[in-house]
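# Architecture at a glance
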Amino acid sequence: MKLAHCLLGLTLLSASLAHAEGKYAVVDMQAVILNVEEGKAARSGLEKEIKDKQAELGKRKAELDKMNEEWTKQAPLLNEQARMGKQKEFQEKFMGLRNDEMAFQDEIKKKEGQATQKIAVTVTKLVNDLAKAKNLEVVFETSSAGLIYLKDPVDLTKEVISAYEAQSKKGGKAEAKK
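The text that follows walks through the structure, step by step, so that each part is easy to find.

Criteria and thresholds
Residues numbered from 1 in each chain as written. Predicted model: local features only at pLDDT ≥ 70, side-chain atom pairs only at ≥ 80, totals over all residues. Heavy atoms only, no water. Pairing = 2+ DSSP bridges. Helix = DSSP H or I, 4+ residues; strand = E, 2+ residues; numbered from the N terminus. Contact = heavy atoms within 4.5 Å. Axes fitted to C-alpha atoms, helices over the stretch in contact; angles between N-to-C directions. Parallel < 35°, antiparallel > 145°, perpendicular 65-115°, else oblique. Nonpolar A, V, L, I, M, F, W, Y, C, P; charged D, E, K, R; others polar. Buried < 20%, exposed > 50% of the residue type's maximum accessible area, 1.4 Å probe, protein only. Core = buried A, V, L, I, M, F, W, Y, C linked by side-chain atoms within 4.5 Å. Expected span 1.5 Å × (residues − 1).

## Re the sheet that holds strand β1 (residues 24-27)
Read from one edge to the other, the open sheet built from three strands follows the order β2-β1-β3, with strand pairing classed as parallel. Two strands bound the open sheet, and with one partner strand each, they are β2 (138-141) and β3 (154-155). Sheet topology note: the β1/β3 ladder contains two bridges and is parallel. By the bridge assignment for β3, Val26 is matched with Asp155.

The structure is reproduced here in structure tokens:
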């Protein structure tokens, strides 16, 4: 059943592309996000946050390594209850570190998603305007559309980046006047 849906979708896509008579374009959303100033700033901020958090987590890991080394040396000298207490303390700190690492990874993914979503909304509006101005029938996003081949598509990526930056500068000047 799924195969039938895929084949039907491909047939409809082929028919629409044939009808478009070459009036189709592509945009590389990832390139836009990586090249507009807002994307660069978001990426830079995230990289700094990651670096800072990695340094903090690295210190905690070093403390755990030291704690484990001391416990290993002391274990033969400790009674069973003390040994179990030290082991439990280590495991709790270890699990706390792992939980903090996973929570931080989730937080970074969320922040990255929020930053890219904001840019994507603006890009979508810009692409719609460009497509209408150029009388294009179809515009595909190159990395997520699953496209493998299009014969001579118009690549709007550089135009979208330029339009995005121009809009950002215009918006920034308008805000400065207020």
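## Here's the deal with the side chain of Glu141
Relative to the elements of secondary structure, Glu141 occurs in strand β2. Residues contacting Glu141, with those up to four places away along its chain left out, are Val27, Asp28, Met29 and Gln30.

## Remarks on the packing of helix α3 (residues 37-74) against helix α4 (residues 80-133)
Relative to each other, α3 and α4 sit at 175°, their axes nearing to 11 Å. The orientation of α3 relative to α4 falls into the category roughly antiparallel. Taken together, the residues of the contact of α3 with α4 sort by class into 14 nonpolar, five polar and 15 charged.

## Considerations on the environment of Arg83
With respect to the helices and strands, the residue Arg83 is situated in helix α4. By relative accessible area, which is 24% here, Arg83 ends up partly exposed. Arg83 has contacts with Trp71, Ala75 and Leu78, leaving out every residue within four places of it along the chain.

## Side note on the nonpolar core
Ranked by size, the top nonpolar core spans 18 residues in total, and within it Val32, Val123 and Val160 carry the most contacts. Contributions of two or more residues to this core are made by β1, α2 (29-35), α4 and α5 (157-177). Examining the composition of this core, we find that seven residues originate from one element, α4, more than from any other. Ignoring any residue separated from it by four or fewer positions in sequence, one finds Val32 in contact with Val27, Val123, Thr157, Val160 and Ile161. Tyr24, Val26, Val138 and Leu150 belong to the second largest nonpolar core, which has five residues in total.

## Structural notes on α3
Here α3 spans 55 Å end to end across 38 residues, near enough to the 56 Å set by a 1.5 Å rise per residue. For α3, the set of buried residues is Gly39, Leu46, Leu57, Leu64 and Met67.

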